[in-house]
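# Overview (structure and organization)
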Amino acid sequence: MKTKTGLGIGFFASVLFLLFSFPQLSPVTGLKVGDIAPDFQLKSTSGKMVTLKDYKTAKGYIVVFTCNTCPYAQAYEQRIIDLHNKMEPMGWPVVAIMPNDPSVQPGDGFDRMTERAKQKKYPFEYLLDEGQKIFPAYGAARTPHVFLLDKDRKVRYIGAIDDNADDESLITRRYVEEAIAAVEKGNEPDPSLTKAVGCMIKVKK
Amino acid sequence: MQKIWLLLVLTTGLGSLKAQQVFESFDDFAPLLERTQTDTTYVINFWATWCGPCVKELPYFEQLNRSLAQRKVKIILVSLDFRKDLETKLKPFLAQRQFSASVAALVDSRQQLWIDKIDSSWSGALPATLVYRGDVRTFKEGEFDDFEELQQFVLGFFDPKN
């Protein structure tokens, strides 16, 4: 008898769960590996308006959604600089986009971005996703979040830069570099999708 | 036996983090996500001291813990703080806050291997909350705006007869 009641409650809970949780499911939006990513025109801390078309000789683009304030983005800041310095000469520049709403996260305002870029001598463009149209189109969910595009803007890899945010000396996989090497050889990156802890992108409620 | 183990691991209310509550490996942490043989509801919140929205919603979990004190519920606040910050940031934070809910820290940096195991829809962004009882699970990425939203989220796991 008890078991039956338990089952009944379980069933009831399942139905409620379905009812309540459906609107909570994260919407399946944004880019998947294989999709063509949209170009954009965004204001850079360098003073320029930047579009991917501007990179005439690029073989692809390392689009990184990142910001000033997130500790994970900070943990990866130097690695993003290093990644650009290593890969840009090979035709794969970093294009950094700051997706947060500065009215929610003042530390990510354009002035603060410019300050940070100058202070750390960013060798790549650091763009503001003004109006927050680009990060949802890409499906960026956190900072930092990488979208590796080939020269046709086809998405080849989505995810983390490497497999250890905590300790650079313990990295065993450099996902972005490995993905670029695979694309250059005409192969599909493996993995083509990784996950990592990061900060929610800040949006006004 | 399982219950005794749980009691050992999840000693509550002391505001400080014991060595046995720091999970170096996800494999050791995973059993907390698999206690499906009881009628206890588990509310597992993933947070970090560096995460503003997480810190803002922690009081809602405390309030939930108080309001469900008579129910079979276990609230576990799982810190994903950096390992290097455990002593310098997490412990002082816990000492100051004195949470009544259980606190654990998961410091397994092989995130790619375990994020999907918590929920396949999770991007890895914080905060995130998993609620389960038996085989019924629900998951949310992102913060709760207020206590009522959190309460609504777990309501389905408690009906008046239970």
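Before going into details, it helps to say that this report is about the structure given with it. (Residues numbered from 1 in each chain as written. Chains lettered and ligands numbered in written order. Predicted model: local features only at pLDDT ≥ 70, side-chain atom pairs only at ≥ 80, totals over all residues. Heavy atoms only, no water.)

### Focus: the sheet that holds strand β1 (residues 22–23) of chain B
All names here are of chain B. The sheet built from six strands is open, its strands ordered β1-β4-β3-β2-β6-β7 with mixed pairing. Both edges of this open sheet fall to β1 and β7 (136–141), since each of them pairs with a single strand only. Bridge count for strand β2 (residues 41–47) against strand β3 (residues 73–79) is seven bridges, and the pairing is parallel. Counted as the bridge partner of Y42 is K74 from β3. (Pairing = 2+ DSSP bridges. Helix = DSSP H or I, 4+ residues; strand = E, 2+ residues; numbered from the N terminus.)

### Some details on the pairing of strand β5 (residues 125–128) of chain A
Residues and elements named next belong to chain A. Where burial is concerned, the two faces of β5 agree: the one with E125 and L127 and the one with Y126 and L128 are both buried. Bridge count between strand β1 (residues 42–44) and β5: two bridges; the pairing is antiparallel. By the bridge assignment for β5, S44 is matched with L127. The pairing of strand β4 (residues 94–98) with β5 spans four bridges and is classified as parallel. (Buried < 20%, exposed > 50% of the residue type's maximum accessible area, 1.4 Å probe, protein only.)

### Some remarks on the interface of chain B and chain A
Between chain B and chain A, the residue contacts involve 33 residues of the former and 31 residues of the latter. Looking only at chain B, the three residues that lose the most surface to chain A are B:W50, B:F82 and B:Q112, adding up to 22% of its buried area. One can count two salt bridges joining chain B with chain A. The partner of A:K205 in a salt bridge is B:D145, and the shortest N-O contact between them spans 3.2 Å. Here chain B and chain A share 11 residue pairs in polar contact (both at pLDDT 80 or more) between them. Elements supplying a minimum of two residues to the side of chain B that touches chain A: α5 (111–118), β5 (125–126), β7 and α6 (147–155) of chain B. Per-class residue counts for the side of chain B that touches chain A are 12 nonpolar, 11 polar and 10 charged. Summarising the sheet, strand β9 (residues 198–200) of chain A and β5(B) pair through two bridges and their orientation is parallel. (Contact = heavy atoms within 4.5 Å. Buried area = accessible area lost by both parts, 1.4 Å probe. Salt bridge = Lys/Arg side-chain N within 4 Å of Asp/Glu carboxyl O. Polar contact = N/O pair within 3.5 Å; in protein donor to acceptor, adjacent residues only side chain to side chain. Nonpolar A, V, L, I, M, F, W, Y, C, P; charged D, E, K, R; others polar.)

### Here's the deal with the packing of helix α3 (residues 52–67) of chain B against α6(B)
Residues and elements named next belong to chain B. The geometry of α3 relative to α6 is characterised by a closest axis approach of 9 Å and an angle of 55° between their N-to-C directions. Classified by the angle between their axes, α3 and α6 sit oblique to one another. In the packing of α3 onto α6, the handedness of the crossing is right-handed. For the pair formed by α3 and α6, the contact residues are Y60, F61, Q63, L64 and S67 on the first element and F147, L150, Q151 and V154 on the second. Taken together, the residues of the contact of α3 with α6 sort by class into six nonpolar, three polar and no charged. (Axes fitted to C-alpha atoms, helices over the stretch in contact; angles between N-to-C directions. Parallel < 35°, antiparallel > 145°, perpendicular 65-115°, else oblique. Left-handed = near helix turned anticlockwise from the far one by under 90°.)

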